[in-house]
Amino acid sequence: ERDGHDGRIIRLGDAGKGLNFRIKNVKVDEKRTNRLCDMGLYSGMRIMVVKNDRDGPVVLKVLESKIMLGREQANEIIVEEIKNEQNVQHSSGGQP
(Lines give C-alpha, C1' and ligand atoms only; values in the text may rest on other atoms or scores of the structure.)
Protein backbone atom coordinates (compact mmCIF):
# COMPACT_ATOMS: atom_id res chain seq x y z
CA GLU A 1 0.00 0.00 0.00
CA ARG A 2 1.22 3.48 -0.80
CA ASP A 3 2.02 5.83 2.05
CA GLY A 4 0.80 9.03 0.40
CA HIS A 5 4.21 10.04 -0.91
CA ASP A 6 4.87 7.64 -3.77
CA GLY A 7 1.96 8.13 -6.15
CA ARG A 8 2.18 8.23 -9.91
CA ILE A 9 4.33 10.93 -11.49
CA ILE A 10 2.74 12.84 -14.38
CA ARG A 11 2.61 16.23 -16.07
CA LEU A 12 0.28 18.66 -14.31
CA GLY A 13 -1.63 19.03 -17.59
CA ASP A 14 -2.63 15.35 -17.27
CA ALA A 15 -3.69 15.61 -13.61
CA GLY A 16 -7.25 14.73 -12.65
CA LYS A 17 -9.73 17.15 -11.12
CA GLY A 18 -10.10 16.94 -7.34
CA LEU A 19 -6.80 15.14 -6.81
CA ASN A 20 -3.89 16.28 -4.65
CA PHE A 21 -0.32 16.48 -5.92
CA ARG A 22 3.16 17.50 -4.86
CA ILE A 23 5.25 19.42 -7.38
CA LYS A 24 8.34 17.38 -8.24
CA ASN A 25 9.96 19.49 -10.95
CA VAL A 26 9.36 22.63 -12.98
CA LYS A 27 10.87 22.39 -16.47
CA VAL A 28 11.03 26.04 -17.53
CA ASP A 29 13.66 28.75 -17.90
CA GLU A 30 14.80 30.80 -14.90
CA LYS A 31 12.51 33.76 -15.62
CA ARG A 32 9.40 31.59 -15.76
CA THR A 33 10.59 29.55 -12.76
CA ASN A 34 10.76 32.77 -10.73
CA ARG A 35 7.27 33.75 -11.86
CA LEU A 36 5.86 30.35 -10.88
CA CYS A 37 7.64 30.54 -7.51
CA ASP A 38 6.05 33.95 -6.92
CA MET A 39 2.66 32.25 -7.46
CA GLY A 40 3.57 29.53 -4.92
CA LEU A 41 4.38 26.86 -7.50
CA TYR A 42 7.75 25.34 -6.67
CA SER A 43 9.23 21.93 -5.99
CA GLY A 44 7.74 20.36 -2.87
CA MET A 45 4.55 22.47 -2.84
CA ARG A 46 1.30 20.58 -2.40
CA ILE A 47 -1.55 21.53 -4.72
CA MET A 48 -5.06 20.39 -5.63
CA VAL A 49 -6.44 20.38 -9.18
CA VAL A 50 -9.76 22.28 -9.16
CA LYS A 51 -10.41 22.14 -12.92
CA ASN A 52 -8.72 20.41 -15.83
CA ASP A 53 -10.72 20.00 -19.01
CA ARG A 54 -7.68 18.71 -20.93
CA ASP A 55 -7.98 21.42 -23.61
CA GLY A 56 -8.16 24.68 -21.65
CA PRO A 57 -6.42 26.18 -18.64
CA VAL A 58 -5.76 24.21 -15.45
CA VAL A 59 -7.12 25.71 -12.22
CA LEU A 60 -5.24 24.86 -9.02
CA LYS A 61 -5.74 25.41 -5.32
CA VAL A 62 -2.44 26.49 -3.77
CA LEU A 63 -2.69 27.15 -0.04
CA GLU A 64 -5.85 29.31 0.16
CA SER A 65 -5.62 30.71 -3.38
CA LYS A 66 -6.80 29.54 -6.77
CA ILE A 67 -4.38 29.86 -9.69
CA MET A 68 -5.06 29.42 -13.39
CA LEU A 69 -2.29 28.09 -15.64
CA GLY A 70 -2.26 27.79 -19.40
CA ARG A 71 -2.06 24.29 -20.85
CA GLU A 72 1.57 24.76 -21.99
CA GLN A 73 2.69 25.92 -18.54
CA ALA A 74 0.84 23.06 -16.86
CA ASN A 75 2.61 20.55 -19.09
CA GLU A 76 5.99 21.90 -17.96
CA ILE A 77 5.29 21.04 -14.32
CA ILE A 78 5.88 17.46 -13.15
CA VAL A 79 3.80 16.35 -10.16
CA GLU A 80 3.41 13.29 -7.95
CA GLU A 81 -0.05 12.25 -6.80
CA ILE A 82 -0.61 12.33 -3.05
CA LYS A 83 -2.87 9.55 -1.82
CA ASN A 84 -5.13 9.64 1.24
CA GLU A 85 -5.32 13.42 1.70
CA GLN A 86 -8.61 15.29 1.71
CA ASN A 87 -7.47 18.93 1.63
CA VAL A 88 -4.25 20.62 0.72
CA GLN A 89 -3.58 23.24 3.36
CA HIS A 90 0.17 23.76 3.42
CA SER A 91 3.47 23.04 1.81
CA SER A 92 5.84 20.38 3.07
CA GLY A 93 8.77 22.04 1.34
CA GLY A 94 10.40 25.41 1.59
CA GLN A 95 10.83 27.96 -1.12
CA PRO A 96 14.06 27.68 -3.09
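Residues numbered from 1 in each chain as written. Predicted model: local features only at pLDDT ≥ 70, side-chain atom pairs only at ≥ 80, totals over all residues. Heavy atoms only, no water.

(A) Geometry of the sheet that holds strand 1 (residues 9-11). The strand order 1-6-2-3-4-5 describes an open sheet built from 6 strands, whose pairing is antiparallel. The open sheet is flanked by strand 1 and strand 5 (65-69), the only strands paired with a single partner. Taking each pair of neighbouring strands and ignoring which way they run, the sheet shows an average axis angle of 40°. Where strand 1 meets strand 6 (residues 77-82), 3 bridges bridge the pair, whose relative direction is antiparallel. Opposite Arg11, over in strand 6, you have Ile78 as the bridge partner. (Pairing = 2+ DSSP bridges. Helix = DSSP H or I, 4+ residues; strand = E, 2+ residues; numbered from the N terminus. Axes fitted to C-alpha atoms, helices over the stretch in contact; angles between N-to-C directions.)

(B) Broad picture of the confidence of the model for the chain. For the chain, mean pLDDT is 84; residues scoring 70 or higher make up 80% of the total. Low pLDDT (under 50) marks residues 87-93, which in the prediction has 23 contacts with non-local residues, meaning those over four places away or in another chain. (pLDDT = per-residue confidence, 0-100. Contact = heavy atoms within 4.5 Å.)

(C) Inspection of the environment of Ala15 at higher detail. Here Ala15 lies in the loop between strand 1 and strand 2 (20-26). Classification of Ala15 as buried rests on a relative accessible area of 0%. Along the primary structure Ala15 and Val58 are separated by 43 residues, whereas in three dimensions their C-alpha atoms are 9.0 Å apart. Those residues within four positions of Ala15 in sequence are excluded, and the remaining contacts are Ile10, Phe21, Val49, Asn52 and Arg54. (Buried < 20%, exposed > 50% of the residue type's maximum accessible area, 1.4 Å probe, protein only.)

(D) Up close: the pairing of strand 5. Taken together, the 5 bridges between strand 4 (residues 58-62) and strand 5 define a ladder with antiparallel strand orientation. Counted as the bridge partner of Val58 is Leu69 from strand 5. Counting the residues in the hairpin turn of strand 4 and strand 5 gives 2 residues, including Leu63, whose phi is positive at 55°.

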